[in-house]
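# Geometric and topological summary
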Amino acid sequence: MNEPIMKDVVILGGGPAGLAAALALHEQGVRDLVILEREPEAGGILRQCIHDGFGLTRFHEALTGPEYAKRFLDPVRAEGIELHTGTTVTGLTDQRVVTAVSRRGLTQYQARAVILAMGCRERAAGALPMYGARPAGVFTAGVAQAYVNLCNNMVGREIVILGSGDIGLIMARRLTLEGAHVLGVYEILPHPSGLPRNVTQCLDDFHIPLHLSHTVTELHGAARLEAVTVCAVDDQRCPLPETARRIPCDTLILSVGLIPENELSRMAGVQLDSQTGGPVVDQFLQTTVPGIFAAGNVLHVHDVADDVSAEAEFLAEQVVRYLAGPLPPCPIAVTGRGCGHVVPQQLCRGEAAVLSFRPAAPRRHLVVEAVQDGQTLCRRTIPYATPAQMVHLPIPDLADGSPVEVCCYDDENPAV
Amino acid sequence: MMTKTLLCSLCPNCCALTVTMEGDAVTGCTGNLCTQGADFARQELTMPLRNVTTSVAVSGGLYPLCSVRLSAPIPLSRLTEAVDLLHGLTVTAPVAMGQVLLEDLLGLGVQVLSTRSVPAIHFCKD
Ligand SMILES: Cc1cc2nc3c(=O)[nH]c(=O)nc-3n(C[C@H](O)[C@H](O)[C@H](O)COP(=O)(O)OP(=O)(O)OC[C@H]3O[C@@H](n4cnc5c(N)ncnc54)[C@H](O)[C@@H]3O)c2cc1C
Ligand code: SF4
């Protein structure tokens, strides 16, 4: 193989995170950079999201996924930023050597900084406790979305959806509009996982029933799915066998969560957070391996693309600083109470930061505070918060080096 | 008099609105943190509006489908009719993003816009 190609920055993934990071770097004078994208076109998951609702924060317009992606792709092309599609990154080392495979063969880059922007993948059937056969007709929501929206292939006629994440809700509407009969959406939690707007516009508008505290326990069928068994669950999420019902259907769509795609990060020895599934990062979005940074769904799952773009632009500023010299050390650990996880996990002294997290359950009048040594550093009250919407909390610069805890509780019931 | 509850979906505050109605008219709204909530409730309970995003068939294109949306939302009651009409539509490649594919959908005064570009493919005839 030839000598590695030297680059200031190599960006792994050309979704909204990779594109926004590249543009921001270019604007700030970093010209020696390349985006590597596995698919034949850049744009990431947005290519198949033909519904609208993207860009509300950033552009104050309800754009569809491809339209949102174009707002970044056009300037990337116009500025002549190096972008290789059909190029899969297969290797990454802690010395920032990137190996990529494409039709042109194998290419290696030696980067001064690497940006992880590989997005996430969907949790599939194998990860779920379902008995019975493994017939055809079981799809993850994103795969069904790609079949219907990109390939013009219908996935089935009589459809059950497991999980009420936004993608599942969007697909309930999409499949109904395409002439399928969506029998119902089953959600193991006592509350919907998706945004309230999507519950109204994707289910209620089409009279699709939402069964909370329910799950699918068994698949039936030989070659093709013929039915599923659904069960109510108790408050420990254990199925109650006496409530089991058999529902004839030919298709089961799974919308049961996304997993950040971190095989490459692991290869480079980047430490991962068991709660986010993404890398542990400091407030500059640098991972535990110096010079390797992460933004977007590979870091933690985002609900809105606007947030991904903003995070990637913030990251670009930090990479520019890094290229000029090392970033300050971040020894201060951050933990959460009443929220699933907090990103970033490490803070430095003397520089303000923004923390992102999700409340554990839907809450009215959510109070969020950051506490250090028993002292409240900052506090915010949010009229309504759900796990479906990420919360951001700006915190002031820290003088002290002891750990920071983020606490979420509602006004009436202080945190336990 | 009748009361109805709904969630305002205009912003992430997601206010829980309680609305009083006399017949078809909205007479009061509580629970909204801002005035837009009352307007939202009136619209949702009298004539809900929705945009439509779906795909139309393309002939002679690199892809079989072109995704579309409407230039403005239409009444929810006309949505099925609109989708049926769009499913019967075939456009000819090339299609540019933002191209108007239908001028006046169902006489509602809204346009059908393409949301992706589909290049034409040229077959060799020999
Ligand atoms: C189905 C669905 C519906 C959504 N709906 C909305 C919505 O209505 N509104 C909204 O604002 N947001 C929505 N979102 C969220 C938003 O789209 C995502 O948060 C955003 O796309 C994440 O951007 P990303 O760049 O981190 O990841 P992605 O978009 O997943 O991009 C990652 C890219 O990296 C590439 N890649 C991965 N591994 C490699 C490798 N080894 N080598 C090379 N390339 C690689 C992938 O091919 C992909 O192009 C939705 C998300 C999904 C999945
Ligand atoms: S009423 Fe106002 S503040 Fe409340 S959700 Fe609607 S727009 Fe937001």
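Further up the page is the structure itself.
The rules we used
Residues numbered from 1 in each chain as written. Chains lettered and ligands numbered in written order. Predicted model: local features only at pLDDT ≥ 70, side-chain atom pairs only at ≥ 80, totals over all residues. Heavy atoms only, no water. Helix = DSSP H or I, 4+ residues; strand = E, 2+ residues; numbered from the N terminus. Rg over C-alpha atoms; globule rule 2.2 N^0.38 Å. Buried < 20%, exposed > 50% of the residue type's maximum accessible area, 1.4 Å probe, protein only. Pairing = 2+ DSSP bridges. Axes fitted to C-alpha atoms, helices over the stretch in contact; angles between N-to-C directions. Contact = heavy atoms within 4.5 Å. Near = heavy atom within 4 Å. Polar contact = N/O pair within 3.5 Å; in protein donor to acceptor, adjacent residues only side chain to side chain. Areas by Shrake-Rupley, 256 points an atom, 1.4 Å probe, with all protein chains shown as cover. Nonpolar A, V, L, I, M, F, W, Y, C, P; charged D, E, K, R; others polar. Buried area = accessible area lost by both parts, 1.4 Å probe. Salt bridge = Lys/Arg side-chain N within 4 Å of Asp/Glu carboxyl O.

## Observations regarding the overall build of chain B
Looking only at helices and strands, chain B features two helices and ten strands. Counting helices and strands in the order they occur from the N terminus, chain B gives β-β-β-α-β-β-β-β-α-β-β-β. Here chain B has a C-alpha radius of gyration of 20 Å; the compact-globule value for 126 residues is 14 Å, and the former is much larger. Expressed along its principal axes, the backbone C-alpha trace of chain B runs to roughly 75 × 30 × 20 Å.

## Considering unusual backbone geometry
Cis geometry is adopted by the peptide bond preceding Pro344 of chain A, which originates at Val343 of chain A and carries an omega value of 0 degrees. Assignment of secondary structure puts Pro344 of chain A in the loop between β22 (339-343) and β23 (346-347). Omega for the bond connecting Ala93 of chain B with Pro94 of chain B falls within 30 degrees of zero, at 0 degrees, which places this linkage in the cis form. Note on placement: Pro94 of chain B falls in the loop between β8 (90-92) and β9 (100-102). The phi dihedral of His365 of chain A falls on the positive side, at around 55 degrees, and the residue is not glycine. When you line up the elements, His365 of chain A lands in strand β25 (residues 363-372). By relative accessible area, which is 39% here, His365 of chain A ends up partly exposed. Positive phi, normally seen in glycine, also occurs at Leu106 of chain B, with a value near 50 degrees. For Leu106 of chain B, the position within the fold is in the loop between β9 and β10 (112-114).

## Observations concerning the sheet that holds β10 of chain B
All names here are of chain B. What the five strands build is an open sheet, ordered β8-β5-β6-β10-β9; its pairing is mixed. Two strands in the sheet have a free side with no partner beyond their single neighbour: β8 and β9. Looking at each pair of strands side by side, their axes are set apart by 45 degrees on average, direction ignored. Bridge analysis of strand β5 (residues 54-59) against β8 gives three bridges, and the strand direction is parallel. Across the sheet, residue Val58 finds its bridge partner in β8, namely Val91. Strand contacts of helix α2 (residues 79-87): β5, β6 (65-70), β9 and β10, with the helix running at about 20 degrees to β5, the strand carrying the most contacts.

## Quick notes on the site of ligand 1
Residues and elements named next belong to chain A. Every one of the 34 residues lining ligand 1 counts as a neighbour, but Ala17, Glu37, Val89, Asn297 and Ala305 are closest to it. Between ligand 1 and His51, the relevant distance is 2.9 Å, taken from an oxygen atom to a side-chain nitrogen or oxygen of the residue. At 2.8 Å from an oxygen atom of ligand 1 is found a main-chain nitrogen or oxygen belonging to Ala305. Taking 1,000 Å² as the accessible area of ligand 1 by itself, protein coverage stands at 94%. Every element with two or more residues in the shell around ligand 1 is listed here: α1 (16-27), β3 (52-54), β6 (88-92) and α7 (305-324). Here the element with the most residues in the shell around ligand 1 is α7; it accounts for three residues. Among the residues making up the shell around ligand 1, the classes are represented as 15 nonpolar, 13 polar and six charged.

## Describing the interface of chain B and chain A
Counting residues at the interface gives 26 residues for chain B, matched by 27 residues for chain A. Approximately 2,200 Å² of surface area, both sides summed, lies buried where chain B meets chain A, with 55% of it carried by carbon and sulfur atoms. The largest per-residue losses of area from chain B upon contact with chain A belong to Thr53, Leu65 and Met97 of chain B, which jointly make up 22% of the total buried on that side. Viewed at the interface, chain A and chain B are joined by two salt bridges. The shortest N-O distance in the salt bridge between Asp205 of chain A and Arg50 of chain B comes to 2.5 Å. Taken together, chain B and chain A are joined by six residue pairs in polar contact (both at pLDDT 80 or more). Classifying every residue of the side of chain B that touches chain A gives 13 nonpolar, nine polar and four charged.

## Some points on the sheet that holds strand β18 (residues 251-254) of chain A
Residue and element names in this part refer to chain A. An order of β11-β18-β12-β13-β14 is seen for the five strands of this open sheet, with the pairing classed as parallel. Unpaired on one side and paired on the other, β11 (138-140) and β14 (210-212) mark the two borders of the sheet. Across the sheet, the mean angle from the axis of one strand to that of its neighbour is 20 degrees, orientation sign disregarded. In terms of strand pairing, strand β12 (residues 158-162) meets β18 through four bridges, oriented parallel. Bridging across to β18, Val160 finds its partner in Leu252.

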